[in-house]
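Spelled out from the first residue to the last, the chains are:
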Amino acid sequence: MSKRILNQKKFLGITTFNWLRTDLARDACFAYWGGPHADLVSRNGFIRDYNQHHFNDDVAGLWPLTPEVVTIIPTDKRIDGVSEIILDSIIKLPLSIRSNRRIFKDKENAFCRTTLNMTTLGGGRVVKTGDYKNIYARCVVLIRRRENGSLSDFKRFIHNGLAHQLGLNANVIEVRSQVFVPWFKALWNAPSAAHNVAPEYQYHASIVIGANDNAGLLSALAQVASLNSEIAYHCSVIHAYSVANTLINRVNGRTTIPQLKPGAKPRLEPVRRVLSHPPERTYQPTGTTPFKMRGLLKSAVKRPEDVISDMAGNIYYGGKGGKIYRYDPETENETIIADTAGRPLGLEWLKCGSLLVCDAHRGLLKVRLDGHIETLVERVHGLPLRFCSNATASTDGTIWFTQSTNRYDFEHYQGAMIEHRGSGQLLRRDTNGQVHVLLDGLHFPNGITLDSSERSVIFAETDAYRLRRLWVKGPKAGCLEIFADNLPGFPDNISRMQNGYFWVAMVTPRNKRLDSMGTMPGFLRKLIWRLPKFMLPKTARTVWAMAFNDAGEVLADMQGSADNFFAATGVVETNGRLYMASVEADGIAVLDITSMPKR
């Protein structure tokens, strides 16, 4: 037995075959399945992993022709997609009966027929895991066992033969296999959805394959021809469905779908982390640059996270509730230009004049000033953008953006900091719409900007108290550097380069209690996480922004206090003033710049 087989992880799995309703538009059925229905299923505690695979409808089957095996998918028996579920514990399954009834009932909204197939304990195997990254092509292989064949031999061949061989291919990134128990009607009870299974609709095993691209996927399928004699001995039908879209809705017992309404805190999984000692500047209440607070704009916005300006000096911001505002400082007129119906965070301009909006609930959006909203990125490699934070765009339309954490919702962001586990990402969206994960495992990446030459992106790692630079063009492309390290506070959003420098909003000075939690026993941090929000570490009430030049040198350090504003998360300079936004305070603060930063 090979080492790869010994490393296979066993699981108890379920695969449901789904046929969409024919009286509704296909896209509408997929949208409901991947939206409201996915949200309903993914909140169940008895599920460890939950993936949806939506099939293309124009492919006869990807499996190469194999002697004595049916590989062409009949048009009248095509399945529209499958749900792939790994159960957390069979003990929890009976506790979810009430929830299951709601799920079964809800299936009527998308499906005309569903069938459930379940493995025995350990009947599913993770042969090769790609952690859902850099997978641009998938297929789901459904296999019918040859009549009168041995079930135990069939199971052994699927896991240790076919799936194992696929996993050895260099182009293949993920492989999971399931062998089902003999189907019987009592397993399934979906009201108003047909669930009778004639023999010609039955399958006895599935293999999910993810590859780096379509060519690599087809190459991997072709290379298993060396097993054709064994395939023909064990299998009568192999239908390889081309996957149009994979939605990864729950991973390792944690839902990945952003929370749209208040809910329970997700569990904490602390790691040990030792942080450097804070600099002396941390404990000083004021900076070296003169501070003069003018007050707040006459705005109705609630807790805006970011603020930007246009060439005319107008101010733009989005707040709690989803609305995006424009404010004219001359007329003091505030106008609602759009409503994302989500939670807008970072804002940036696109060359076309539209706004680039990071929405914690809806992903990366393009918002025109007439109110039209287009979703640019909602999922990356099947995983939803759970905490899209800030973005910057080059003149050619390439977008770099951050996801602060893929483990916690915006409403529970403190969990990511108490956990001390890097779970953020730096991503790039190309002009053709393809998205790449450039950096992973970051400590709450946040604000981001391009340097003045567009040769590098500079981004804040809020929970690491630093700014970093990733070179994206030129001889140093791909190099990652520290831009400014061991900062005295939490850096947040960054305004675009202006006159050779840029501003960074500093939320609050570093917190000794939060730093010390990195070495605190995990069980104590879990207890702290269960405390009400008002008992968690507090942010010091200060107003603070720092300016840096292109070399990472501090040009301005403006800090002070105000009665009605604190915890700046966004900052922009225009017409000799700083405008600040805060996710903790209402309104937009205005400060005079009495001493301009020197380049």
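Everything quoted here is computed from the prediction, not taken from an experiment.

Engineer: How should I be thinking about the pattern of salt bridges in this particular structure?
Structural biologist: When the charged atoms of two side chains lie near each other, side chains of opposite charge can form a pair. Per the counting criterion, the structure on display carries 34 salt bridges. Ionic pairing is found between Asp23 and Arg21, a salt bridge with its closest N-O pair at 2.7 Å. When its relative accessible area of 24% is taken as the criterion, Arg21 is described as partly exposed. For the salt bridge of Glu348 with Arg496, the shortest nitrogen-to-oxygen distance reads 3.8 Å. Taken together, the residues Glu348 in strand E16 (residues 344-349) and Arg496 in the loop between strand E30 (489-494) and strand E31 (501-509) connect sequence positions 148 residues apart. A cluster of three or more residues bridged by salt bridges with shared partners is formed by Arg267, Glu269, Arg407, Glu419 and Arg421.

Engineer: What am I meant to see in the environment of Val140 here?
Structural biologist: As for its placement among the helices and strands, Val140 is situated in strand E6 (residues 137-145). Given a relative accessible area of 1%, Val140 falls into the buried group. Separated by 228 residues in sequence, Val140 and Arg368 place their C-alpha atoms 39 Å apart. Ignoring any residue separated from it by four or fewer positions in sequence, one finds Val140 in contact with His53, Phe55, Val82, Ile207, Val208, His239, Ala240, Tyr241 and Val243.

Engineer: Just checking my understanding: could you explain the environment of Met118 for this structure?
Structural biologist: Its place among the elements puts Met118 in strand E5 (residues 111-128). C-alpha separation for the pair Met118 and His234, spaced 116 residues apart in sequence, amounts to 20 Å.

Engineer: Would you take a moment to explain the UniProt feature "domain: Strictosidine synthase conserved region" (unreviewed entry) in the protein chain for this structure?
Structural biologist: What UniProt calls "domain: Strictosidine synthase conserved region" (unreviewed entry) maps, in this numbering, to residues 394-475. Secondary structure over residues 394-475 splits into 7% helix and 45% strand, and the C-alpha atoms at its two ends are 18 Å apart.

Engineer: When you look at the packing of aromatic side chains in this model, what are you seeing that I'm missing?
Structural biologist: Each pair of aromatic rings is reported with the distance of its centres and the angle of its planes. For the structure on display, the rule yields 15 aromatic pairs. A ring pair is formed by Phe30 and Trp33, whose centres lie 6.2 Å apart and whose planes are at 20°; its orientation type is stacked. Of this pair, Phe30 and Trp33 both sit in helix H2 (residues 26-42), 3 residues apart, which is roughly one turn of that helix. Classification of Phe30 as buried rests on a relative accessible area of 13%. Ring geometry for Phe387 against Phe444: centres 5.5 Å apart, planes inclined by 80°, an arrangement best described as edge-to-face. With Phe387 in the loop between strand E21 (383-384) and strand E22 (388-393) and Phe444 in the loop between strand E25 (435-442) and strand E26 (445-450), this residue pair connects regions lying 57 residues apart in the sequence.

About the criteria used
Residues numbered from 1 in each chain as written. Predicted model: local features only at pLDDT ≥ 70, side-chain atom pairs only at ≥ 80, totals over all residues. Heavy atoms only, no water. Salt bridge = Lys/Arg side-chain N within 4 Å of Asp/Glu carboxyl O. Buried < 20%, exposed > 50% of the residue type's maximum accessible area, 1.4 Å probe, protein only. Helix = DSSP H or I, 4+ residues; strand = E, 2+ residues; numbered from the N terminus. Contact = heavy atoms within 4.5 Å. UniProt positions renumbered as here; feature names shortened; annotations may be inferred. Phe/Tyr/Trp six-rings, centres within 6.5 Å; stacked < 30°, edge-to-face > 60°.

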